[in-house]
Amino acid sequence: MIDIDQLKRGLCLGLIVLLHLLSTQAESLAEKGKLSVKTSTQTDWTEPHNRVKRGWVWNQFFVLEEYTGLEPLYVGKLHSDMDKGDGSIKYILSGEGAGTMFTIDDNTGDIHAIQRLDREEKAQYILRAQALHRQTGKPLEPESEFIVKIQDINDNEPKFLDGPYTASVPEMSVIGTSVMQLTATDADDPTYGNSARVVYSILQGQPYFSVEPRTGIIRVSLPNMDREAKEHYEVIIQAKDMGGQLGGLAGTTTVNVTLEDVNDNPPRFAQKLYQMSVPESAPVGSIVGRVQAKDLDEGINAEMRYAIIDGDGRDTFDISTDPTNQFGIISIRKKLDFESKRSFTLKVEGANTYLDPRFLNRGPFSDVTIIHVSVEDVDEPPQFDSPHYFVEVPEDVEIGTVFQTVSAKDPDVANNTVRYSIERKSDPGRYFYIDITSGALMTARPLDREELSWHNITVLAMEMNNPTQIGSVSVTIKLLDVNDNPPELAKYYEAFVCENAKAGQLIQTVTAVDLDDPLGGQHFYYSLAPEAANNPNFTLRDNQDNTAWILTRRGGFTQKEQSIYHLPIFITDGDQPMQSSTSTLTIRVCSCDSDGNVMSCTAEAYTLPVSLSRGALIAILACIFVLLVMILLILSLRSQRKKPYLSDEEENVHENIVRYDDEGGGEEDTEAFDIAAMWNPREVHLGKIRQDMLPEIESLSRYVPQTCMGDSNVHGYVLAKLYEADADPCAPPYDSLQTYAYEGEGSVAESLSSLQSVTSNTDHEYDYLSDWGPRFKKLAEMYGVMEANNPLW
């Protein structure tokens, strides 16, 4: 094998030697006078200048770059015609690199390079040379300028300045598709030889890619490259100078080629059948599950659209697309009911949203799967047959009247029994009662529209087997007006009549109000009460506009004769049943001026004696008040006298006396119970005020099964009696349940009653009282056996 690098170095060295020989030959020619500089025959610059006739001028030297010899590299020689070889002429070199890069022998004019020259750093140097008289230092010739050019050698390989490179090309591209173009730069002289002529080749990446030798364009060389099979490729490109010939220098770079995705793969579901389940209580909008049609493509080529295209659940479920993960999300569209339908079938399609026309023959770009959704049974609360109830009830309805029946049932397959009750917060006044089994709503108290015209109650329905399952419904009750309130005067009227009033004079206009609200509006009728129909002093006129006038029937009223008149006014309404009331109008007789203005309405001027003034009357009243105060003070002082001292024994006796007004024989004593008291409780304990709390009219227990109570008349009767007992402060608490569980003839303590005791007190022994402590000392002394030496008191 031939070592290419050693061959390159050998050729470069041979070329350097050849150029050095050529330069040596040129130096020998210069020594023969062919390369000299002809100088003027005038040696004294003080003499007038004459035109200098030169021989021929050498204004350019050539030297090879990258000389690495041990001796300085000879560049050229400067020589003047005036130089006789006696050393009288001194050569001086100046300009670029003089003294650092280049030196000159001041006797001979030989120029040498003392440092390695690099054409790529500097291609030429401009120098100036001059010949001086060595003794006087005067120039013998004008300064001459010349150029030293650095000759190029192939010492720089081509370079890819921007490498490594990244490129991309669509997958499935045809042969010849351009990937990218590379350009390598060579620092050598492109105008000299082939040192900078670059040729491109591919070292790695076949057979997928190729490169054009002269342009550096990388192209696809293998058809149908699939990104899903292999996405990334590493391609190595070489650039070689000398036209790619043997001995040329080369540089390489790496190109990372990525295949771009195209939509050449249709989506596919992983399964053809999916099983999902959802509880029937799941709200609308809840997520049932997710499906995904996988696509080997990516980005826009993998974007998916899902749709339900068939199945019996198209109206019950929806499907949407998650744009991030490309999932198909199935959600509930309508309320589910296990009892109505227990399963659904959905046919779901997943399709690409973007299609590439070049690859339609690989389609179809969609797939279909079947989803089976099972509905799970959930214990649901009872449901009413109506979402809301509205009922109108007359306000005069009797207690116990059924005005509405609500109905609820368990929607589950078990169809458990339902019990009804009223939520007490919605009916704080306990106006209504509901039958626990039938759901019949009835009144439990009298209703009054004028007190509360609307009632909004909540009825609860509970499953017997699962008390936590409770349904509810709202019942709105509107009370219809009944003419049950009589009209009354709108306010308390107090009229006055002047003493000088004349017959037929208006003294008062009255109006009435009625709490009822008839459909046709209020219409009142006024008249004097029957007992005042022939009143000789005043009369009443009904204006037929719900007002009435009070007129005088005569004149000549005097305070002395009578200062106050009471006029009863009879008012009726125009509704059925007609309601009426009698109100009294107070009329005072007053003294008035000529214009009818009231001056005084008191009669004291006529009742007080002439000799008794008002001041005297006030003094008499003050005296009476002082006497009363003194009497009260004396009585209070007497009540504050100190009470007599009581011994501890006497206080203990009085403090321990307990009075029992009644007693019973325990749970076996039933003789004292009289059922007739429930029929007419007013006859029992008349005049005795109840001290217990009013009982609540509760619905029957929501947790204990009850049997139907039968006829609604019984409900109404019981409710009416309960309300009557609650409203009566004298009624005994017969609706209170009292249990005696620890005494009676069947208990260990036997009966505590003394009603059946036939023995006298003398038959009992009370000696044990003396063992009960000091609190029972008195009883022990009274009933116990006394010792002989102890007196009775």
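Computed from a predicted model, the values in this text were never measured in an experiment.

1. With respect to the nonpolar core
With 25 residues, the main nonpolar core has Val 497, Tyr 526, Phe 538, Ile 550 and Ile 587 as its most contacted residues. Counting residues per element, the ones that place at least two in this core are strand S34 (494–498), strand S35 (506–513), strand S36 (524–528), strand S37 (538–542), strand S38 (547–552), strand S39 (564–573) and strand S40 (580–592).

2. Remarks on the pattern of salt bridges
According to the stated counting rule, one finds 17 salt bridges in the structure shown. Two residues, Arg 227 and Glu 298, come together in a salt bridge whose shortest N-O distance is 3.8 Å. Of this pair, Arg 227 sits in the loop between strand S12 (217–220) and strand S13 (232–240) while Glu 298 sits in the loop between strand S18 (293–294) and strand S19 (304–310), placing them 71 residues apart in sequence. Put simply, Asp 318 and Arg 333 hold a salt bridge, and the shortest N to O gap is 3.8 Å. Here Asp 318 is found in strand S20 (residues 317–322), whereas its partner Arg 333 is found in the loop between strand S21 (327–332) and strand S22 (343–352), with 15 residues between them in sequence. A relative accessible area of 42% means that Arg 333 is categorised as partly exposed. One connected set of salt bridges, linked through shared partners, spans Arg 227, Glu 228, Glu 231, Asp 261 and Glu 298.

3. Points about the confidence of the model for the protein
The predicted coordinates of low-pLDDT regions are not to be read in fine detail. On average, the protein scores 78 in pLDDT, and the residues at 70 or more come to 76%. Within the model, pLDDT remains below 50 along residues 645–656, and this stretch shows 5 contacts once partners closer than five positions in the same chain are excluded. Below a pLDDT of 50 lies the segment residues 758–762, which in the model reaches 2 contacts outside its immediate sequence neighbourhood of four places, other chains included.

4. Some thoughts on the state of the cysteines
A full pass over the atoms with the stated rule returns 2 disulfides. Here Cys 498 is linked by a disulfide to Cys 592, with a sulfur-sulfur distance of 2.1 Å. Taking the sign of the S-S torsion, -85° for the link of Cys 498 and Cys 592, the bridge is left-handed. Within this pair, whereas Cys 498 is found in strand S34, its partner Cys 592 is found in strand S40, the two being separated by 94 residues in sequence. Each disulfide pairs two cysteine sulfurs, and for Cys 590 the partner residue is Cys 601, the sulfurs being separated by 1.7 Å.

5. Remarks on the sheet that holds strand S28 (residues 418–422)
The 4 strands are arranged S25-S32-S31-S28 in an open sheet whose pairing can be described as mixed. Here the strands that pair on one side only, and so sit at the sheet edges, are strand S25 (388–394) and S28. Taking the axes of each pair of neighbouring strands and ignoring which way they run, one obtains an average angle of 30° across the sheet. Alignment of S25 against strand S32 (residues 470–480), held across 7 bridges, turns out to be parallel. Directly across from Glu 392, in S32, lies its bridge partner Lys 478.

6. Considerations on the pairing of strand S5 (residues 110–113)
Inspection of the sheet shows strand S2 (residues 73–77) paired to S5 by 4 bridges, in the antiparallel sense. The residue bridging Leu 73 from the neighbouring strand is Ala 113, located in S5. In this structure, the hairpin formed by strand S4 (residues 102–104) and S5 is closed by a connection of 5 residues, where Gly 109 is found at a positive phi of approximately 85°.

Cut-off values and rules
- Residues numbered from 1 in each chain as written.
- Predicted model: local features only at pLDDT ≥ 70, side-chain atom pairs only at ≥ 80, totals over all residues.
- Heavy atoms only, no water.
- Core = buried A, V, L, I, M, F, W, Y, C linked by side-chain atoms within 4.5 Å.
- Buried < 20%, exposed > 50% of the residue type's maximum accessible area, 1.4 Å probe, protein only.
- Helix = DSSP H or I, 4+ residues; strand = E, 2+ residues; numbered from the N terminus.
- Salt bridge = Lys/Arg side-chain N within 4 Å of Asp/Glu carboxyl O.
- pLDDT = per-residue confidence, 0-100.
- Contact = heavy atoms within 4.5 Å.
- Disulfide = S-S within 2.5 Å.
- Pairing = 2+ DSSP bridges.
- Axes fitted to C-alpha atoms, helices over the stretch in contact; angles between N-to-C directions.

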